[in-house]
Amino acid sequence: MCGIIGYIGYDEAKNILIKGLKTLEYRGYDSAGIAVYNPDYNQCLVSKCEGRVDKLESKVADVKGKSGIGHTRWATHGEVSDTNSHPHKFGNVTIVHNGIIENYESLMNTLGVASKLKSGTDSEVVAALIDKCYEKNPVDAIISSVKKLRGTYALAIMFDDEPDAIYAVRNVSPVVCCQNDSGCYIASDIIAIAEYCPDYFVLPELTVAKITKDKIEIVDFAKNFVEPEMSAVNWDIKNSGKCGYPFYMEKEIMEQPDVIRNTLHKKLRDNIPDFSSDNVDESIFAECKSISIVACGTAMHSGLIGKQLIEKNCGVPVTVYMASEFIYCEPIISRDTLVICVSQSGETIDTLEALKYAQRQDAKILSIVNVRGSVIAKLSENVIYTDAGPEIAVASTKAYTSQLVTFYLITAKMAYMRGCFNSEGLSSFMDELKKVPKAVEEVFSNKEKIHHIAGSLLTAEHAFMIGRGLDYPALLEASLKLKEISYIHSEAFASGELKHGTIALITKNTPVIALMTQKYLASKQVSNIKEVQSRGAQVITICTTSLKSFATNDFIELPDMDDEFTVIPAVSVMQLLAYYVSSDKGLDVDKPRNLAKVVTVE
């Protein structure tokens, strides 16, 4: 959610901070600010405001200084306002903070600072606590302070009387660091600083980093020096912009064929799924007696597809849980359970807490994440990296697709290891999966028709989506895309459930999107389409070539494939459909209201 950037070096800090904050806008935010040490005043000067970074930029034109920290805030404690924006300054201490401090009220009362605080945030209390503990030794003050905190935090800290250093400490919430000849950089996401150096490290939890213009030193809470584990940026930094597209979302949708090819290239050896490059203990696929998939939102929708694939092909029972509910519903898991945690960012707090719970139950853990060095990746025994590259648009597209491909690969590997596939069966499955990138490209060649049909949804207040078999979980994701970027109320339903209540909502000209790719269920889906048509619904059919004789007047054609593999081209169509509705309505496609890319608070 919130974003952190920091710089100390030989260049003007303001320019680097503002640029970094603009890169972090995709995480979602409602206000922004920077603090830069000004040598003329011998202190950090704070500039912040409600609204976009562009508004902040106009306020800081005259700011000078070679060290500073910046922040984009997503309101949790305290309303959206200039005052509640970060950075926060108390006494000698200036901080920016990601996370939530659960015991901030008791700390505020213990410190006796309620009347001195300017904001309604938990973060300012942390600044007051560090200032109270400060006795000319920043590291001691930070360690003493954070030991009193209960909750999650990533903190970047500056002291007025120590202008030549920035300090950082974290618990759960990430901080990444890098350096070059111009100085040292920190951020909450590597994408904000990757252009300065391709090599970086994630600050280990419960350590303190002292960042100066020439080096970064790390100590643990016992004052022992810590050597960080270096990582390298694994995407083409030159390709991280919009590359001529009006929005990141369209660019990321169009990247999907290459993302799928790249995933298959990295995860196949002799046409057999191979996760050894990620150091996965593949015995987990053969030995588990049940699988629990834990995820949120889009990632959970990929898990629902994974459930059907695994159960059908491997005969292993699979339960899919909303991560936010997992630890509260007393799930039945044991050491024979494989818990698969899915998170694009590797930071999703609900999924992280579910992972920790599963570990306490002695379950085997496999995580599917896109970000190397992320919290979930570091805590997991086994990780499969999707390597989709940075995804900037809030609405996930290529990250979702790469998760789907990973579930297909897991299915094939598990079926082969358990004897459900022989060599011929495995080869047939993989050959069909390899056709998916071309099928998606074929879909994209029909963009103009998809754009035209999107026009019929522009004035809709409600839309419904119906499908059967694998089409139903695919529509759950399609419906989410339409909701989150076009603000149209949309619901997806298993077609057979219409007559159990939902059909009461169908009135004249109600838009209904009917997905029909499962040949063995086509006749039943046709009956459901006729049911809504008879109530006056405006039906858009998305179907494969072999089923287009059943299509309505408004339809989008998908290439014929085996039923199990139509999900990805089908969802790609509906991603574009949602995208065109949003862009044609003049909305901010990449940054929809009230949403954040990364959810790091419960």
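Structure: above.
All of the points below concern the structure found in this document. In this text, all values refer to a predicted model and were calculated from it rather than measured experimentally.

Considering the overall build of the chain
A tally of helices and strands in the chain yields 19 helices and 26 strands. Its C-alpha atoms give the chain a radius of gyration of 25 Å, near enough to 25 Å, the size a compact globule of 602 residues would have. Structurally, the chain occupies a C-alpha span of about 75 × 50 × 45 Å along its principal axes. Looking at the chain residue by residue over its 602 residues, the buried ones come to 61%. Here the chain has roughly 23,000 Å² of accessible surface; of this, 47% comes from carbon and sulfur atoms. Here the chain contributes 62 positively and 77 negatively charged side chains, and the mean placements of these two sets differ by 2 Å.

Some points on the sheet that holds strand β11 (residues 199-202)
An order of β3-β2-β4-β1-β10-β9-β11-β14 is seen for the 8 strands of this open sheet, with the pairing classed as antiparallel. With partners counted over all chains shown, the strands left at the sheet margins are β3 (43-50) and β14 (230-232), one partner each. Strand-to-strand twist across the sheet, computed as the mean angle between neighbouring axes with direction ignored, equals 20°. Both strand β9 (residues 176-180) and strand β10 (residues 183-187) contribute to a ladder of 5 bridges, which runs antiparallel. Bridging from a neighbouring strand, V176 pairs with A187 of β10.

Here we look at the pattern of salt bridges
Applying the stated criterion to the full structure yields 32 salt bridges. Where D387 meets K266, a salt bridge forms, and the shortest distance between an N and an O atom there is 3.5 Å. Taken together, the positions of D387 in the loop between β21 (382-385) and α13 (398-417) and K266 in helix α7 (residues 256-267) put the pair 121 residues apart, joining distant regions of the chain. Under the relative-accessibility criterion, K266 is labelled partly exposed at 36%. With a closest N to O distance of 3.6 Å, E557 and K548 form a salt bridge. Taken together, the salt bridges that share partners define one network made up of K266, K267, D278, R372 and D387.

Structural notes on the side chain of S479
Its place among the elements puts S479 in helix α17 (residues 471-486). Judged by relative accessible area, which is 2%, S479 ranks as buried. A distance of 2.8 Å separates a polar atom in the side chain of S479 from a polar atom in the side chain of S490. Among residues more than four places away in sequence, those in contact with S479 are M465, S490, E491 and A492.

A closer look at unusual backbone geometry
Here the amide bond leading from H86 into P87 is cis, since omega sits at 0°, within 30 degrees of zero. By the secondary structure assignment, P87 is in the loop between β4 (67-73) and β5 (88-90). Phi angles above zero are rare outside glycine, and N42 is one such case at about 55°. With respect to the element layout, N42 can be found in the loop between β2 (31-38) and β3. Note on N42: relative accessible area 51%, which makes it exposed. One non-glycine residue, D362, lies in the positive phi region at around 70°. In this structure, D362 sits in the loop between α11 (349-360) and β20 (364-369).

Considering the packing of aromatic side chains
Scanning the model with the defined rule gives 14 aromatic pairs in all. Judged by centre distance (4.3 Å) and plane angle (10°), the ring pair of Y185 and Y196 falls under stacked. One end of the pair, Y185, is in strand β10; the other, Y196, is in the loop between β10 and β11, with 11 residues separating them in the sequence. Accessibility assignment for this pair places Y185 and Y196 in one class, buried. With 5.7 Å between their ring centres and 55° between their planes, F275 and F285 make a pair best called tilted. With a gap of 10 residues between them, F275 in the loop between β16 (272-273) and α8 (283-287) and F285 in helix α8 connect regions that are remote in the sequence. Accessibility classification places F275 together with F285 in one group, the buried group. Ring-pair connections join several aromatic residues into one group, and the members of that group are Y408, F421, F429 and F565. If you follow R593 out to its NZ or CZ, it ends over the ring of Y487, 3.8 Å from the centre.

A closer look at the sheet that holds strand β26 (residues 554-558)
Strand order across the open sheet formed by 5 strands is β23-β22-β24-β25-β26, with parallel pairing between neighbours. Looking at which strands have only one partner, the edges of the open sheet turn out to be β23 (489-494) and β26. Taking each pair of neighbouring strands and ignoring which way they run, the sheet shows an average axis angle of 15°. Alignment of strand β24 (residues 511-516) against strand β25 (residues 538-544), held across 6 bridges, turns out to be parallel. Residue L515 lies in a different strand from β25, and its bridge partner there is I542.

A look at the pairing of β11
The pairing of β9 with β11 spans 2 bridges and is classified as antiparallel. Following the sheet pairing, V176 is matched in β11 by V202. The pairing of β11 with β14 spans 3 bridges and is classified as antiparallel. Bridge pairing in β14 links Y200 to S231.

Focus: the environment of A13
Tracing the chain through its elements places A13 in helix α1 (residues 13-23). Note: C-alpha distance between A13 and G183 (170 residues apart in sequence) is 10.0 Å. In contact with A13, not counting residues within four places along its chain, are Y7, G65, K66, S67 and G68.

Comments concerning the packing of α17 against helix α19 (residues 567-584)
Contact pair α17 / α19: the axes reach a minimum separation of 9 Å and the direction vectors enclose 15°. The pairing of α17 with α19 is recorded here as roughly parallel in orientation. Judged by the twist between their axes, the crossing of α17 over α19 is right-handed. Residues A474, L475, E477, A478, K481, L482, I485 and S486 of α17 form the contact with α19, whose own contacting residues are V567, V571, M574, A578, Y579, V581 and S582. When the residues that make up the contact of α17 with α19 are grouped by side-chain class, the tally is 11 nonpolar, 2 polar and 2 charged.

Quick notes on the environment of K434
Following the sequence through the fold, K434 ends up in the loop between α14 (423-433) and α15 (436-444). Through-space distance from the C-alpha of K434 to that of N271 is 9.9 Å; in sequence the pair is 163 residues apart. Residues in contact with K434, not counting those within four places in the same chain, are L264, L268 and N271.

Reading guide: rules and limits
- Residues numbered from 1 in each chain as written.
- Predicted model: local features only at pLDDT ≥ 70, side-chain atom pairs only at ≥ 80, totals over all residues.
- Heavy atoms only, no water.
- Helix = DSSP H or I, 4+ residues; strand = E, 2+ residues; numbered from the N terminus.
- Rg over C-alpha atoms; globule rule 2.2 N^0.38 Å.
- Buried < 20%, exposed > 50% of the residue type's maximum accessible area, 1.4 Å probe, protein only.
- Areas by Shrake-Rupley, 256 points an atom, 1.4 Å probe, with all protein chains shown as cover.
- Lys, Arg positive; Asp, Glu negative; His and termini not counted.
- Charge placed at Lys NZ, Arg CZ, Asp CG, Glu CD.
- Pairing = 2+ DSSP bridges.
- Axes fitted to C-alpha atoms, helices over the stretch in contact; angles between N-to-C directions.
- Salt bridge = Lys/Arg side-chain N within 4 Å of Asp/Glu carboxyl O.
- Polar contact = N/O pair within 3.5 Å; in protein donor to acceptor, adjacent residues only side chain to side chain.
- Contact = heavy atoms within 4.5 Å.
- Phe/Tyr/Trp six-rings, centres within 6.5 Å; stacked < 30°, edge-to-face > 60°.
- Lys NZ or Arg CZ within 6 Å of the ring centre and 35° of its normal.
- Parallel < 35°, antiparallel > 145°, perpendicular 65-115°, else oblique.
- Left-handed = near helix turned anticlockwise from the far one by under 90°.
- Nonpolar A, V, L, I, M, F, W, Y, C, P; charged D, E, K, R; others polar.

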